[in-house]
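Commentary on secondary and tertiary structure
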Number of protein chains: 2
Amino acid sequence: MGRPPSPLLSTERIASAAMELVAATGGFTMPDLARKLHVSPSSLYNHVAGRDQIVELLRERAMSEVQLPDDQPDRPWTAVVADLLRSYRRSFARYPRLIPLLTAYPVNSSHAMQMYNVLAVTLRRAGFGPADTLRVITLMDCFVLGSALDVAAPDEPWHSGEEVGPEFAAALATGIGKDDRADDAFEFGLAVLLRGLSAEA
Amino acid sequence: MGRPPSPLLSTERIASAAMELVAATGGFTMPDLARKLHVSPSSLYNHVAGRDQIVELLRERAMSEVQLPDDQPDRPWTAVVADLLRSYRRSFARYPRLIPLLTAYPVNSSHAMQMYNVLAVTLRRAGFGPADTLRVITLMDCFVLGSALDVAAPDEPWHSGEEVGPEFAAALATGIGKDDRADDAFEFGLAVLLRGLSAEA
DNA sequence: ACCTGAACACCGTTCAAGT
DNA sequence: ACCTGAACACCGTTCAAGT
């Protein structure tokens, strides 16, 4: 009781502990977090405005792992975009259980903004106008977010008692047991996307 | 108190009330739900196993609005897929606030299964093998889910204090104030997807 | 069979009290 | 400045008690 000689907590330590909890259990509660940090729940509020801010810190953590390319105008724009989207998705796929937490809030991180800037510059170079640039970025966001969610999906995605037709059953059979099913599907989707966009640009 | 002459509740009435609450407020709690139904919270458990089952009922409601085409092998497969994805996405975009609730659980509805069956049959007709069929369906799911989430995103998606480059700013400017921005982006993405897939098939 | 009220174990958050 | 314990208003769920 009373304040300790040097602080037990910090925003960083709280974020790290929350990240570990999400990775391990798929979520976090303030009591859990406090227990993990050997601290009382109310102590957290000395460093953090509330639970929502912690979620925001986690988003920053994930987002900051996205590798932004230094401007290399000699590489084809499709290669630049492909690398960026791979990194974008990998950053969130690393913490798949985090994504359902994030979808409830809007994007607001500074690193995200940098990423969108890089994308916009690259797409402009590819010949897209401003309106199409917004559409393309939206498409990429939808695709990456959806793909990251897919990583969190259960291994056997559909096994209700419903009738599965032979065509769908055959398709499902190619995926079961493969632990890189989601990665594989992402690479496929990425190729489809870039092919479709190349025709446009 | 004691049981009423005719039941006050039913699974359907509970689901409808929950749907209205989600549409109005973006979520629901058991006490809220009970209040809306003029009933005690504990009464709900006579008709429903718990909150999770109610969420599942909401998923069914949204999913059952997806229009499945009767098999028309004379239409081009891209047209069949386009209509299906539009309906799929519209069904969830109708309740955008619902989507963050749904992402936490796996898909398990019978109508969903029917939809996947139709997709698998159509893709097979288009010439996709079983493995690619799974990849394409995954891609479509990611895209539709992501797009539905996009509908729920705030009108001004990014307005942090960060630096917005001129290219991204120009792109953003084309979207602000347009209430059909998400619809427009979806149609664009759908076209890109189908163009990319046509090259594959 | 179906509704109620009391009860339980939880949650996020606040705040006076300590050093 | 920073931690604590008690307290508050909430949540989902259970269950004996009623008819």
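For the structure, check the block above.
The paragraphs below set out a description of the structure included in this document. (Residues numbered from 1 in each chain as written. Chains lettered and ligands numbered in written order. Predicted model: local features only at pLDDT ≥ 70, side-chain atom pairs only at ≥ 80, totals over all residues. Heavy atoms only, no water.)

Turning next to the overall build of chain A. Tallying secondary structure elements over chain A gives 9 helices and 0 strands in all. Traced from its N-terminal end to its C-terminal end, chain A shows the element sequence α-α-α-α-α-α-α-α-α. If one aligns the C-alpha atoms of chain A with their principal axes, the spans along those axes are about 65 × 50 × 25 Å. Burial analysis of chain A (201 residues in total) assigns 46% to the buried set. Restricting to contacts in chain A with at least 6 residues of sequence separation, those with at least 24 account for 73%. When the accessible surface of chain A is totalled, it reaches about 9,600 Å², and 51% of it is carbon and sulfur. Computed over 19 positive and 25 negative side-chain charges, the inter-centroid distance for chain A is 7 Å. (Helix = DSSP H or I, 4+ residues; strand = E, 2+ residues; numbered from the N terminus. Buried < 20%, exposed > 50% of the residue type's maximum accessible area, 1.4 Å probe, protein only. Contact = heavy atoms within 4.5 Å. Areas by Shrake-Rupley, 256 points an atom, 1.4 Å probe, with all protein chains shown as cover. Lys, Arg positive; Asp, Glu negative; His and termini not counted. Charge placed at Lys NZ, Arg CZ, Asp CG, Glu CD.)

In terms of nonpolar packing, the biggest core is built from 122 residues, with F28, L33 and Y88 of chain A together with F28, L33 and Y88 of chain B touching the most fellow members. With sequence-adjacent residues up to four places away left out, L33 of chain B is seen in contact with I14, A17, A18, L21, F28, L44 and I54 of chain B. (Core = buried A, V, L, I, M, F, W, Y, C linked by side-chain atoms within 4.5 Å.)

Our next topic: the interface of chain B and chain A. Counting from both sides, the interface comprises 57 residues of chain B and, opposite them, 57 residues of chain A. Summed over both partners, the interface of chain B with chain A comes to about 4,900 Å²; 74% of that surface belongs to carbon and sulfur atoms. In this assembly, chain B and chain A are joined by 2 salt bridges. The residue D184 of chain B makes a salt bridge to R135 of chain A at a minimum N-O spacing of 2.5 Å. Where chain B meets chain A, there are 8 residue pairs in polar contact (both at pLDDT 80 or more). Among the elements of the structure, helix 6 (110-126), helix 7 (130-152), helix 8 (166-173) and helix 9 (181-200) of chain B are those that each provide at least two residues to the side of chain B that touches chain A. Per-element accounting of the side of chain B that touches chain A gives the leading share, 17 residues, to helix 7 of chain B. Of the residues contributing to the side of chain B that touches chain A, the split by class is 30 nonpolar, 15 polar and 12 charged. (Buried area = accessible area lost by both parts, 1.4 Å probe. Salt bridge = Lys/Arg side-chain N within 4 Å of Asp/Glu carboxyl O. Polar contact = N/O pair within 3.5 Å; in protein donor to acceptor, adjacent residues only side chain to side chain. Nonpolar A, V, L, I, M, F, W, Y, C, P; charged D, E, K, R; others polar.)

The next point concerns the protein's contact with DNA strand C. Lining the immediate surroundings of DNA strand C are 23 residues, of which M30 of chain A together with R3, L8, S42 and S43 of chain B lie closest. The sugar-phosphate backbone supplies 56% of the atoms of DNA strand C found within 4 Å of the protein. Here Y45 of chain A contributes a side-chain N or O atom positioned 2.9 Å from a phosphate oxygen of DNA strand C. R51 of chain A places a main-chain nitrogen or oxygen 2.8 Å from a phosphate oxygen of DNA strand C. Taken together, the residues of the surface near DNA strand C sort by class into 10 nonpolar, 10 polar and 3 charged. (Near = heavy atom within 4 Å.)

Helix length check: helix 9 (residues 181-200) of chain A (20 residues) gives 29 Å between terminal C-alpha atoms against 28 Å at 1.5 Å per residue, within 8%. Packed against the buried residues of helix 9 of chain A are helix 4 (77-93) and helix 7 (130-152) of chain A together with helix 7 and helix 9 of chain B. (Expected span 1.5 Å × (residues − 1).)

All names here are of chain B. Compared with an ideal rise of 1.5 Å per residue, which puts 15 residues at 21 Å, helix 1 (residues 11-25) spans 21 Å between its outermost C-alpha atoms and is within 8% of the ideal. Elements that come into contact with the buried residues of helix 1 comprise helix 2 (30-36), helix 3 (51-63) and helix 5 (99-102). Just past helix 1, the residue G26 takes up positive phi, approximately 90 degrees.

On to the side chain of S91 of chain A. Residue and element names in this part refer to chain A. Mapped onto the secondary structure, S91 falls in helix 4. Polar side-chain contacts of S91 include one of 3.3 Å to the backbone nitrogen of V66. Apart from the residues within four sequence positions on either side, S91 is in contact with A62, E65 and V66.

Moving on: the relation of the copies chain B and chain A. Rotating chain B by 180 degrees and translating it 0.0 Å along the rotation axis places it on chain A, where the RMSD comes to 0.0 Å. Within this description, the copies of the chain are treated as partners about a two-fold rotation axis. Taking C-alpha positions as reference, the residue of chain B nearest the rotation axis is G196 of chain B, located at 2.0 Å. A shared interface surface links the copies, since 100% of the contact residues of chain B are contact residues in chain A too. (Least-squares fit on C-alpha atoms with pLDDT ≥ 70 in both.)

Okay, the packing of helix 7 of chain A against helix 9 of chain A next. Residue and element names in this part refer to chain A. Contact geometry of helix 7 with helix 9 gives a least axis separation of 10 Å together with a crossing angle of 170 degrees. Between helix 7 and helix 9, the interaxial angle falls into the category roughly antiparallel. In this structure, helix 7 uses D132, V136, L139, M140, F143, S147, D150 and V151 to contact helix 9, whose residues at the interface are R181, A182, F186, G189, L190, L193, L197 and E200. Classifying every residue of the contact of helix 7 with helix 9 gives 10 nonpolar, 2 polar and 4 charged. (Axes fitted to C-alpha atoms, helices over the stretch in contact; angles between N-to-C directions. Parallel < 35°, antiparallel > 145°, perpendicular 65-115°, else oblique.)

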